[in-house]
Amino acid sequence: MILTASDANELSMERDDMKHGVFTYYLLEGLRGKADLDKDGVITVDEVYRYVSTRVPQATGQGQHPARKGEVTGQIILGVVK
């Protein structure tokens, strides 16, 4: 599974107030627990993608849209919320 910061023909934006690229900021925020959308204590690739694909366009005025490539059977767990 590949997650990219932006779709083809888009620039990946950085913001000084975030101290990261916009995608990286929300990816890290998601991995720290905010992407656990179903509140089961586990963060999956699907949850992280849903989280960043909502937050990043909002933060960039619809100028950047994360993309996902690849197929997976089952769930890929990226983290556990403490």
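Residues numbered from 1 in each chain as written. Predicted model: local features only at pLDDT ≥ 70, side-chain atom pairs only at ≥ 80, totals over all residues. Heavy atoms only, no water.

Colleague: Which residues make up a nonpolar patch on the surface, and what values do they have?
Modeller: Taken together, M1, L31, V72, I76 and L78 make up a surface patch of nonpolar side chains, about 370 Å² in accessible area. In this fold, I76 is placed in the loop between β5 (67–69) and β6 (77–80). Residue classification places I76 among the partly exposed positions, given a relative accessible area of 33%. (Patch = residues over 30% accessible without salt bridge, like charges linked within 9 Å, V, L, I, M, F, W, Y side chains within 5 Å. Areas by Shrake-Rupley, 256 points an atom, 1.4 Å probe, with all protein chains shown as cover. Salt bridge = Lys/Arg side-chain N within 4 Å of Asp/Glu carboxyl O. Helix = DSSP H or I, 4+ residues; strand = E, 2+ residues; numbered from the N terminus. Buried < 20%, exposed > 50% of the residue type's maximum accessible area, 1.4 Å probe, protein only.)

Colleague: How would you sum up the packing of helix α1 (residues 22–34) against helix α2 (residues 45–59)? Please name residues and give values.
Modeller: At a closest axis distance of 9 Å, the pairing of α1 and α2 adopts a crossing angle of 140°. Viewed along their axes, α1 and α2 adopt a mutual orientation that is oblique. For the crossing formed where α1 meets α2, the hand is right-handed. For the pair α1 and α2, contact is made by V22, F23, Y26, L27, E29, G30, L31 and K34 and by V48, Y51, V52, R55, V56 and A59, respectively. Looking at the contact of α1 with α2 residue by residue, the classes come out as 10 nonpolar, one polar and three charged. (Axes fitted to C-alpha atoms, helices over the stretch in contact; angles between N-to-C directions. Parallel < 35°, antiparallel > 145°, perpendicular 65-115°, else oblique. Left-handed = near helix turned anticlockwise from the far one by under 90°. Contact = heavy atoms within 4.5 Å. Nonpolar A, V, L, I, M, F, W, Y, C, P; charged D, E, K, R; others polar.)

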